[in-house]
Amino acid sequence: MIDLRSDTVTRPTPAMRRAMADAEVGDDVYGEDPTVARLEALAAERLGREAAIFVPTGTMGNQIAVHLHTRHGSEVIIEARGHIFNFEMGAMAALSGTLPRPIATPAGVMEPAQVEAAINPKVSYRTPTRLLCLENTHNLWSGLPMTAERTRALAAVAHRQALKVHLDGARIHNAAAALGTTAKELARDCDSVMFCLSKGLAAPVGSMLVGDTDFIVEARRVRKVFGGGMRQVGVLAAAGLVALTEMVDRLPEDHARARRLTEGLAELPAIDLDPTSVQTNIVVFRLRPEHFPSRDGLAPAGRFVAGMKELGVLCGAFGGFEVRMVTHYEIDDGAIESALAAARATLAA
Ligand SMILES: *Cc1c(COP(=O)(O)O)cnc(C)c1O
């Protein structure tokens with residue numbers, strides 16, 4: 001199977017397996033796992049922050065940040081298709097009692113003036129706005145990278161009004177690669193940043209939350225509250241160290257393959273795909289409704305995905321007409337050509 005559903009489907013590399021087998025470990029709830037300590041130090045350094053904490057999932061990292069930057073009964077400004085709002089099980093409400101204030105955008109990037117307008121006035125009869133959440137790359141907007149300049153402009157608006165800024169940087173290294181900059185530069189103006197080791201970097205489990213020392217001390221407490229205190233977890237941190245040291249520099253390969261895939265798909269008449277929309281490793285396209293006579297209740301995206309699966313290619317359907325394909329470490333040039341051939345055959349049928 002050629003699995004283009006997500007960059008989370010990668011299995012650990014041989015170097016990760018070896019590092020995991022050989023990892024020096026201790027009880028991390030007691031702060032005694034040397035491999036976790038090394039990973040946290042490296043993550044903090046790479047992102048240019050004082051400290052970092054290893055968390056089992058990106059969702060937990062994001063939600064610890066939401067919890068610490070807000071209070072119950074406050075609002076969080078987020079782009080309308082943001083992951084923290086749409087794909088984290090209502091956790092911002094369930095765990096922290098916060099309300100999202102979603103901002104609709106035409107292409108995934110908020111304008112500073114939109115954020116300014118969404119901050120409630122500081123009066124006794126309006127809900128306090130406490131946090132701005134940014135996402136880079138933006139998952140549902142075809143992995144759109146956001147520049148350091150835009151991040152700075154948005155953070156400046158928030159900080160002027162005493163809001164905190166959290167960056168959901170699940171794929172921040174993809175953003176840095178696409179923009180020719182560093183994760184550190186993209187994170188500079190944010191109070192906290194989460195990034196995933198288990199996405200394009202191919203680690204089996206784990207994400208990092210980074211910020212200043214006081215924030216991370218509190219994050220350690222909240223991680224335990226959320227059930228995320230782990231014991232000899234150096235076996236997983238060891239894979240994370242390989243992810244950060246060996247897997248970041250190869251991300252441009254995934255981007256080049258996503259571009260090749262995009263060019264091939266955009267040539268097909270039944271597919272609506274602006275080639276310039278794909279800048280990293282996520283390809284999202286729409287099926288043109290006029291090419292899909294309605295049949296047995298199953299929407300075109302579902303039918304396309306089922307057809308592709310029969311030909312050995314897995315991809316994801318969103319809504320009735322959108323399809324997502326994601327390139328990663330286990331997708332080589334041959335897999336891209338096979339996926340294109342399968343798409344042609346599926347659409348012809
Ligand atoms: C994957 C992802 C996360 C975290 O997901 P987990 O499955 O909880 O690790 C957060 N934000 C974005 C944008 C993501 O793509």
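Residues numbered from 1 in each chain as written. Predicted model: local features only at pLDDT ≥ 70, side-chain atom pairs only at ≥ 80, totals over all residues. Heavy atoms only, no water.

## Some details on the side chain of Thr346
Part 1: Relative to the helices and strands, Thr346 resides in helix α14 (residues 333–348).
Part 2: Thr346 sits in the buried class, given a relative accessible area of 15%.
Part 3: Sequence-distant contacts of Thr346, that is, excluding residues within four places in its chain, are made with Phe304, Gly307, Met308 and Leu311. (Helix = DSSP H or I, 4+ residues; strand = E, 2+ residues; numbered from the N terminus. Buried < 20%, exposed > 50% of the residue type's maximum accessible area, 1.4 Å probe, protein only. Contact = heavy atoms within 4.5 Å.)

## Digging into the sheet that holds strand β10 (residues 282–287)
Part 1: Here we have four strands laid out as an open sheet, ordered β9-β10-β13-β12, and antiparallel in their pairing. In this open sheet, the two edge strands, each paired with only one partner strand, are β9 (271–272) and β12 (316–318).
Part 2: Taken together, the five bridges between β10 and strand β13 (residues 322–326) define a ladder with antiparallel strand orientation. Residue pairing across strands places Val283 opposite Met325, the latter belonging to β13.
Part 3: Strands in contact with helix α13 (residues 300–310) are β10, β12 and β13; relative to β13, the strand with the most contacts, it is inclined by about 40°. (Pairing = 2+ DSSP bridges. Axes fitted to C-alpha atoms, helices over the stretch in contact; angles between N-to-C directions.)

## Notes on the packing of aromatic side chains
Part 1: In total, this model carries one aromatic pair according to the counting rule given.
Part 2: When the ring of Phe285 is compared with that of Phe304, the centres are 5.9 Å apart and the planes differ by 90°; the resulting orientation is edge-to-face. With a gap of 19 residues between them, Phe285 in strand β10 and Phe304 in helix α13 connect regions that are remote in the sequence. Residue Phe285 shares its accessibility class with Phe304, and that shared class is buried. (Phe/Tyr/Trp six-rings, centres within 6.5 Å; stacked < 30°, edge-to-face > 60°.)

## Here's the deal with the sheet that holds strand β3 (residues 75–79)
Part 1: Pairing is mixed across the open sheet formed by seven strands, whose spatial order is β2-β8-β7-β6-β5-β3-β4. The sheet is open, and its two borders are formed by β2 (51–55) and β4 (99–103), each paired with just one other strand. Pairs of neighbouring strands in the sheet enclose a mean axial angle of 20°, with direction left out of account.
Part 2: Here three bridges tie strand β6 (residues 164–168) to strand β7 (residues 192–196), and the two strands are oriented parallel to one another. When the sheet's bridge partners are listed, His166 is paired in β7 with Ser192.
Part 3: Docked against the sheet, helix α7 (residues 148–160) engages β5 (129–135) and β6, running at close to 170° with respect to β5.

## Concerning the pattern of salt bridges
If the charged atoms of two oppositely charged side chains come close together, the side chains can form a pair.
Part 1: Within the structure shown, the criterion is met by 19 salt bridges.
Part 2: Across the salt bridge formed by Glu111 and Arg150, the nearest N and O atoms sit 3.7 Å from each other. Taken as a pair, Glu111 in the loop between β4 and α6 (112–118) and Arg150 in helix α7 lie far apart in primary sequence, 39 residues in all.
Part 3: For Glu111, a relative accessible area of 40% corresponds to the partly exposed category.
Part 4: For Arg221, the salt bridge identified is with Glu218, shortest N-O distance 2.8 Å. Of this pair, Arg221 and Glu218 both sit in helix α10 (residues 213–225), separated by three residues, roughly a single helical turn.
Part 5: A relative accessible area of 44% places Arg221 in the partly exposed class.
Part 6: Via salt bridges that share partners, Arg250, Glu253, Asp254, Arg257 and Asp333 belong to a single interconnected network. (Salt bridge = Lys/Arg side-chain N within 4 Å of Asp/Glu carboxyl O.)

## Here's the deal with the packing of helix α3 (residues 58–69) against α10
Part 1: Their axes nearest at 10 Å, the elements α3 and α10 cross at an angle of 115°. Of the possible angle classes, the one that applies to α3 and α10 is roughly perpendicular. When you trace α3 past α10, the crossing you get is right-handed. Mapping the contact onto sequence places Met60, Ile64, Ala65, His67, Leu68 and His69 in α3 and Phe215, Glu218, Ala219, Arg221, Val222 and Arg223 in α10.
Part 2: The residue inventory of the contact of α3 with α10, partitioned by class, reads seven nonpolar, two polar and three charged. (Parallel < 35°, antiparallel > 145°, perpendicular 65-115°, else oblique. Left-handed = near helix turned anticlockwise from the far one by under 90°. Nonpolar A, V, L, I, M, F, W, Y, C, P; charged D, E, K, R; others polar.)

Spatial relationships are all this shows, so hold off on functional conclusions.
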